[in-house]
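# Breakdown of the fold
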Amino acid sequence: MIRIAGIDVGNDSVKVVVDGSQRPIIIPSIVSPGYDRHVLQEEDSPLKALDVRVYSPKLKRNNQRYFVGLLAMEDQDNSELEETDNKATSDQSLVVALTALAYAALSGQTYPTAGNGIEEAEYIIGTGLPVRSYVAFHQAFEERLTGEHEVTFLSTPELRGRTVRLQIRRTIVSVEGAAALFHLATNDTLQVRNEELHNGCIGICEIGALTTDFPVVKRMNIDNQFSTGEQFGLATYLDSIIRDIEDQFGYRFPSRTKLIGRIRNREFVIQRVGEGQADIRPIVDMYFSRAAQKLVDLIRKRWKKYPDIECFYVLGGGAAALKSYLIDAAGPMRLRFEENSEILNVQGYLKLAKNKAGQQPNPA
């Protein structure tokens, strides 16, 4: 059975939602070289110990072992995506994406097993790229994901020794931010649920880790002239926060993922060597205020260039982190925010994939 899924191959995390499932699977976009690890106590969730071997003809370094996501987060040799990386061509992005799809296959309904014990999962997937890389790379991204891949789970609890053969039959690539708006404008049967968004001229600021996109959507069509993007995101400021904390307090966050988890949980007190503690909130406030001011300035410029925009939505994982700072910086200029904005794109990708596949979704 072919299943339809949305997958947001983000620079900070990969999110997957499969048709019929309401909860997305979220895996940090971080990897490290895998090895035989000493397990003193098995993790209580497979997502905490994604230890995989990934085979794909699309990988430059094929059939390698990786620790992925939370397992790689604390590793001294881990790798996070940088501004020079392109998710459409990055091996790291593909490894995390395939791991997420394989995990989704095993955590959902039972899949048929091939004669050699390999479990097969067929997908049609929807995904997206930033505004500035869409035109040049959407075809390459589609070709890179479509096809046959294999993921074997090694020391992962509950999944140890299981191999998933992924058959991705079709990949539908759309524009980040615009997909989120499509989700907000339509219901689960793809009918219009918000006339203002569906028929209006809407500006979007979609804040990611490495890119910030400003698509303009008019009656659900992307404006080619006024849609644009910037090659910077929240990661630049997170890296500066990590550096300053290390310089001031001698405490090093091993990854952006670790830092953003602390910020999300509002845990601003760190433990120093010995019994001392330090409050990192002033450092976070300084950099996040700077980020918010820069973004508000960019939004104001976009709005002035295209005054027909009726409202501006600020979306993405960066919007959730910066919301209070953005509201302060915006002053009388009203910006719109949405709850759980970091998963709106992946929900939109799922709907767009269903739309293209000509398949009506299951009612919620």
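First, a word on scope: everything that follows refers to the structure included in this document. Everything numeric in this text was worked out from a predicted model, so none of it was measured.

Basis of the calculations
- Residues numbered from 1 in each chain as written.
- Predicted model: local features only at pLDDT ≥ 70, side-chain atom pairs only at ≥ 80, totals over all residues.
- Heavy atoms only, no water.
- Core = buried A, V, L, I, M, F, W, Y, C linked by side-chain atoms within 4.5 Å.
- Buried < 20%, exposed > 50% of the residue type's maximum accessible area, 1.4 Å probe, protein only.
- Helix = DSSP H or I, 4+ residues; strand = E, 2+ residues; numbered from the N terminus.
- Axes fitted to C-alpha atoms, helices over the stretch in contact; angles between N-to-C directions.
- Parallel < 35°, antiparallel > 145°, perpendicular 65-115°, else oblique.
- Contact = heavy atoms within 4.5 Å.
- Nonpolar A, V, L, I, M, F, W, Y, C, P; charged D, E, K, R; others polar.
- Expected span 1.5 Å × (residues − 1).

Let's shift gears to the nonpolar core. Judged by nonpolar contacts, the single largest core of 45 residues is most densely connected at Ile280, Phe288, Ile299, Val314, Leu322, Leu326 and Leu335. Of all the secondary structure elements, the ones that give two or more residues to this core are strand E11 (201–207), helix H6 (234–249), helix H7 (256–264), helix H8 (281–305), strand E18 (311–315) and helix H9 (317–330). Ranked by residue count, the leading element in this core is H8, at 11 residues. Counting 41 residues, the second-largest nonpolar core is a separate cluster that includes Leu59, Leu94, Tyr123 and Leu166.

Taken N-terminus to C-terminus, the directions of helix H4 (residues 178–185) and helix H10 (residues 344–357) make an angle of 75 degrees; their axes are 7 Å apart at the nearest point. Viewed along their axes, H4 and H10 adopt a mutual orientation that is roughly perpendicular. Facing H4, whose interface residues are Ala179, Ala180, Phe182, His183 and Leu184, H10 presents Leu344, Asn345, Gln347, Gly348, Tyr349, Lys351 and Leu352. Grouping the constituent residues of the contact of H4 with H10 by class yields 7 nonpolar, 4 polar and 1 charged.

Residue Arg219 is not a glycine yet carries a positive backbone phi of 50 degrees. Here Arg219 is to be found in the loop between strand E13 (216–218) and strand E14 (221–222). The phi torsion at Met220 lies on the positive side, around 65 degrees, for a residue other than glycine. Note on placement: Met220 falls in the loop between E13 and E14.

The next point concerns H6. For H6, built from 16 residues, the straight-helix expectation of 22 Å at 1.5 Å per residue is met to within 8% by its first-to-last C-alpha distance of 22 Å. The complete set of buried residues in H6 reads Leu234, Ala235, Tyr237, Leu238, Ser240, Ile241, Ile242, Asp244, Ile245 and Phe249. Buried positions along H6 lie against H7, strand E16 (269–271), strand E17 (277–279), H8 and H9. Looking one or two residues beyond H6, the residue adopting positive phi is Gly250, at roughly 70 degrees.

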